[in-house]
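As a plain string of letters, each chain reads:
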Protein chains: 2
Amino acid sequence: MTELDTILLHVDATLDASLERLFDFIRIPSVSTEPQYAHDCRRAAEWLATEMTELGLDASVRNTAGHPMVVGHGTAMPGPHVLFYGHYDVQPVDPLNLWTHPPFEPKLVPQPDGETHILGRGASDDKGQLLTFIEACRAWKSVTGTLPIQISMLFEGEEEAGSPSLAPFLDAHGDELRADMMLVCDTDMWDHDTPAITTMWRGFVSEEFEITCGDRDLHSGMFGSAARNAAQVMGTIIGKLRSDDGAVSIPGFYDGITELPEAMRAQWAALPFDAEKFLADVGLTAPAGETGRSVLEQVWARPTCEINGVWSGYTGDGFKTVIPARASAKLSFRLVAGQDPDRIRALFRAYVESLLPPDCSVTFKAYAAAAAQAMPLDGTLLGKARQALTDEWERPAALAGTGGSIPILGAFKQRLGMDSLLVGFARFDNRIHSPNEKYDLSSFHKGIRSWVRILAAFSETTP
Amino acid sequence: MTELDTILLHVDATLDASLERLFDFIRIPSVSTEPQYAHDCRRAAEWLATEMTELGLDASVRNTAGHPMVVGHGTAMPGPHVLFYGHYDVQPVDPLNLWTHPPFEPKLVPQPDGETHILGRGASDDKGQLLTFIEACRAWKSVTGTLPIQISMLFEGEEEAGSPSLAPFLDAHGDELRADMMLVCDTDMWDHDTPAITTMWRGFVSEEFEITCGDRDLHSGMFGSAARNAAQVMGTIIGKLRSDDGAVSIPGFYDGITELPEAMRAQWAALPFDAEKFLADVGLTAPAGETGRSVLEQVWARPTCEINGVWSGYTGDGFKTVIPARASAKLSFRLVAGQDPDRIRALFRAYVESLLPPDCSVTFKAYAAAAAQAMPLDGTLLGKARQALTDEWERPAALAGTGGSIPILGAFKQRLGMDSLLVGFARFDNRIHSPNEKYDLSSFHKGIRSWVRILAAFSETTP
């Protein structure tokens, strides 16, 4: 029996103890956005520090302007040095009446299909997920007396609150935290049976703007047709942001974007993904993105511009014959690698200004921005991790994208120069952020085993 | 001295008594939209019936589902039979604290320029204006013992509430009310010194519509670019309602419209109207209507399409990365003679449906509609009235248009086949519908004299 087999057997044999620790962790109601749970957030941080100390890490709870960070460092070892990131805070639980069981009293609930659900707030996001890594480390430590590579860990308690303390903390402690690779366990499997590594995610630029024509609302009888109508101008501008073929019409918007590598395109085409069903589930039949691109390309690999809100004039009951002097919209861009968020914002603003008819002015308000990221696909650690996942789940691990944005990882990339490897065992039906959040017992168990394998594979690597 | 001169002198000599009657009328707080004034509305109706009886009319107060109508008929006479229309109800007075004097305690306030203001709610709209006609009739009756032509009168008490009882009343009493011409005194002079007859007003079609894409709001990360965005679709449709040259883009929209007669165009061009100032007063510099049309043409003689309100998605503080599934707008058309409101509504709806991308549907909600009207410019009565006004004010009376809509007169045209002659003595600064409403004493005095002259001119006419 190999060392790896021994460790995996140990994981199986001690699963109940692992589960007991997860239950203890879930019982701490570490809701970051509600002040009355501040003490519980600190308790969760201290609980993690204790667990890390048991693994042999030099661990400490670090104060911030908000909830504390937990940092721990393992002994220097040959092979790559990884920094595992996770978050101990959870989403609020309201509406509480929709929970079938108290959210902070975790419970196992067997399912008709043989699966078992671990019920509780944070069971999946991110307590259950992050514990798969800690329990994998514990198994290594129990069987071999040590961790297989140099491992640092960083846990924050404000992920569900927009991570306000993270960037300052990275700026202050960059040298301490820098490692060869970030590991994160906060994402989904591809489907129930197929593991996945998320290798690219889109960037983000959000913006609000207001068009003003004239200095007051006017009566459409007295002024109709002669006076500039801000709602009309807004509509015309919105109509010129994307063309009929779905492409964004802002000059220069696509500059710097490279096409998807052929290998990736082929892998995506081979993924079990039903584009028709993806759209049909939300009442749609025809993809609205760029003509000639697959739906997966549209949402993962192509940038877009979306109107998130628009308002102007009279919007109440009945009717008012007003020519609105003002019109506002909120919109956001999803970006891909090669697009600089600041440049996209500037291009958008210049484009809007170029479209303004006489007597109109525009003011812009900047909201958040984050760059897109794409993992280098030829990296050794990525290849090792993918093989380890494939071994555990007995099907090829998917290299997936996501259309969403992960600003936290942008902070690590920008401030510490670190790439991130995103391996997660959540399933799409975990109801994270909703009542009755659950984590499948198989996610937890095979998640621990997956990390045991990944660490084994990494330990055979020279950084 | 001619009979006309005698009557005009009588008007001058009895002006104080005329004013006293106006004061009595203003003192009745006949606010039609506030239930606590229902009794006062009836009092105002009865007050009018008494005045009409004094003129020799067979007058009565007629109940309706709302506030009563007052109807009176004079003796049959040679010459044209006219029906004078006005309204005894007034606008609410709030905010009361902005009035410098109690609104239902009329008062004369001399002005530095020699003018005197008659202060009070309804002093202009429409009590002062309608009384110019009644007092002109009184002068005729006092001096000659009779009215010069056959005169009927109809006063309603719901004009400020949308005239809900008018159309049913016309339908029920059409034969009784039908005359050769409607006379109305509820409009403005061209400017302080220039009288005006309003000969054309625009029609109206108002509509609300909602675009739906898919069956729920979506996350712009997960679906952005592939999912149809209702706010984007709405913007694109709004952007296609009018072209860059200001024209409405709906196919067939301009069918049936005739060009302005050259004589009218020449008269308008000669009017003292400063288009630059008209726009500058509201912060604009460039007319937004059809290229090559004057501003007066744009607002009086050309139809338009105006967005009155639009809303979709997230419009609160902060940001939400939603792809809205629904977007709504309210819009209205101003129409000109030759455009059928029902046909325009149908053309609009068909056009929107033709612009819908896949997966989108639209629902429409109809609001009010009214046809445009234009007085035949070669009518004898119009020519007589214009000359009479010119004689009184010693400058050529303007034949003006208005960009607004007057649905009441459409009801008379449609139901009784009657054209309307709109002669008014209000001035643009009368603050109707606002605190401190006033009517100039010169409007009242010369208004009475103007009607005396118009009636004299009409009495020389064969219908």
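Residues numbered from 1 in each chain as written. Chains lettered and ligands numbered in written order. Predicted model: local features only at pLDDT ≥ 70, side-chain atom pairs only at ≥ 80, totals over all residues.

**Overview of the overall build of chain A**
Part 1 of the reasoning: Each helix and strand counted, chain A has 14 helices and 18 strands in total.
Part 2 of the reasoning: Taken against the 2.2 N^0.38 rule, which gives 23 Å for 463 residues, the C-alpha radius of gyration of chain A at 25 Å falls within 12% of a compact globule.
Part 3 of the reasoning: For chain A, the spread of C-alpha atoms along the three principal axes comes to 85 × 50 × 50 Å.
Part 4 of the reasoning: Relative to all contacts within chain A whose residues are 6 or more apart in sequence, the contacts with residues 24 or more apart total 77%. (Helix = DSSP H or I, 4+ residues; strand = E, 2+ residues; numbered from the N terminus. Rg over C-alpha atoms; globule rule 2.2 N^0.38 Å. Contact = placed C-beta atoms within 7 Å.)

**Regarding the domain arrangement of chain A**
All names here are of chain A.
Part 1 of the reasoning: Domains assigned within chain A are domain 1 (3–201 + 372–459) and domain 2 (203–257 + 303–370).
Part 2 of the reasoning: The gap between the C-alpha centroids of domain 1 and domain 2 is 40 Å.
Part 3 of the reasoning: Domain 1 puts seven residues into the contact, and the matching count from domain 2 is eight residues.
Part 4 of the reasoning: For the side of domain 1 that touches domain 2, the elements supplying multiple residues, two or more each, are β15 (373–374) and α13 (407–416).
Part 5 of the reasoning: Here the residues of the side of domain 1 that touches domain 2 are counted per class, giving three nonpolar, four polar and no charged. (Domains from an automatic or database assignment. Nonpolar A, V, L, I, M, F, W, Y, C, P; charged D, E, K, R; others polar.)

**Thoughts on the relation of the copies chain B and chain A**
Part 1 of the reasoning: Each copy of the sequence occupies a distinct position, and chain B is placed on chain A by a rotation of 180° and an axial shift of 0.0 Å, giving an RMSD of 0.1 Å. Given the turn and translation reported, the copies of this chain are related as if by a two-fold rotation axis. (Least-squares fit on C-alpha atoms with pLDDT ≥ 70 in both.)

**Concerning the interface of chain B and chain A**
Part 1 of the reasoning: With 62 residues of chain B in contact, the opposing surface of chain A contributes 62 residues.
Part 2 of the reasoning: If you list the elements that add at least two residues to the side of chain B that touches chain A, you get α6 (220–223), α7 (230–239), α10 (295–301), β11 (304–313), β12 (322–323) and β13 (326–335) of chain B.
Part 3 of the reasoning: The element best represented in the side of chain B that touches chain A is β11(B), accounting for nine residues.
Part 4 of the reasoning: Among the residues forming the side of chain B that touches chain A, the class breakdown is 23 nonpolar, 27 polar and 12 charged.
Part 5 of the reasoning: Bridging between strand β11 (residues 304–313) of chain A and β11(B) involves five bridges; their strand directions are antiparallel. (Pairing = 2+ DSSP bridges.)

**Focus: the sheet that holds strand β4 (residues 107–110) of chain A**
Residue and element names in this part refer to chain A.
Part 1 of the reasoning: Spatially, β4-β5-β18 is the arrangement adopted by the three strands of the open sheet, whose pairing is antiparallel. Edge strands, defined here as strands with exactly one partner in the open sheet, are β4 and β18 (438–440). Sheet twist, expressed as the average angle between the axes of neighbouring strands with direction ignored, equals 30°.
Part 2 of the reasoning: Bridging between strand β5 (residues 116–119) and β18 involves three bridges; their strand directions are antiparallel. Residue pairing across strands places L119 opposite K438, the latter belonging to β18. (Axes fitted to C-alpha atoms, helices over the stretch in contact; angles between N-to-C directions.)

**Structural notes on the environment of R138(A)**
Part 1 of the reasoning: Relative to the elements of secondary structure, R138(A) occurs in helix α4 (residues 127–144).
Part 2 of the reasoning: Measuring from C-alpha to C-alpha, the distance between R138(A) and L455(A) comes to 12 Å, with 317 residues separating the pair along the chain.

**Focus on the packing of α4(A) against helix α14 (residues 441–459) of chain A**
When two helices pack together, their arrangement is captured by the angle between the axes and the distance separating the axes.
Residue and element names in this part refer to chain A.
Part 1 of the reasoning: Where α4 contacts α14, the axes come no closer than 8 Å and their chain directions differ by 55°. Compared by their axis directions, α4 and α14 come out oblique. Handedness of the α4/α14 crossing: right-handed. Contacts from G128, T132, F133, E135, A136, A139 and W140 of α4 reach α14 at F444, G447, I448, W451, V452 and L455.
Part 2 of the reasoning: A per-class count over the contact of α4 with α14 returns nine nonpolar, three polar and one charged. (Parallel < 35°, antiparallel > 145°, perpendicular 65-115°, else oblique. Left-handed = near helix turned anticlockwise from the far one by under 90°.)

**Quick word on helix α14 (residues 441–459) of chain B**
Part 1 of the reasoning: Over its 19 residues, α14(B) runs 27 Å from end to end, which matches the ideal 27 Å to within 8%, given 1.5 Å per residue.
Part 2 of the reasoning: Taking burial as the measure, the 19 residues of α14(B) include 14 buried ones, the bulk of the element. (Expected span 1.5 Å × (residues − 1). Buried ≥ 20, exposed ≤ 12 C-beta atoms within 10 Å, placed from the backbone.)

**Quick notes on the sheet that holds β11(A)**
Part 1 of the reasoning: Strand order in the open sheet formed by eight strands is β14(A)-β9(A)-β13(A)-β11(A)-β11(B)-β13(B)-β9(B)-β14(B), with antiparallel pairing between adjacent strands. Each end of this open sheet is capped by a strand with a single partner; those strands are β14 (360–370) of chain A together with β14 (360–370) of chain B. Averaged over all neighbouring strand pairs, the angle between strand axes comes to 20°, with direction disregarded.

**What about the nonpolar core?**
Part 1 of the reasoning: If you look at the biggest cluster of nonpolar residues, it comprises 280 residues, and the most contacted ones within it are M234(A), V452(A), M234(B) and V452(B).
Part 2 of the reasoning: If we ignore the near neighbours within four places in the chain, the residues touching M234(A) are I211(A), V310(A), S312(A), A327(A) and A329(A). (Core = buried A, V, L, I, M, F, W, Y, C linked by C-beta atoms within 7 Å.)

**Remarks on the pairing of β13(B)**
All names here are of chain B.
Part 1 of the reasoning: Along β13, eight of the 10 residues are buried, which leaves the element largely enclosed by surrounding structure.
Part 2 of the reasoning: By the bridge criterion, 10 bridges tie strand β9 (residues 203–213) to β13 in an arrangement that is antiparallel. Residue pairing across strands places V205 opposite F333, the latter belonging to β13.
Part 3 of the reasoning: Where β11 and β13 come together, eight bridges link them in antiparallel fashion. Directly across from S312, in β13, lies its bridge partner A327.

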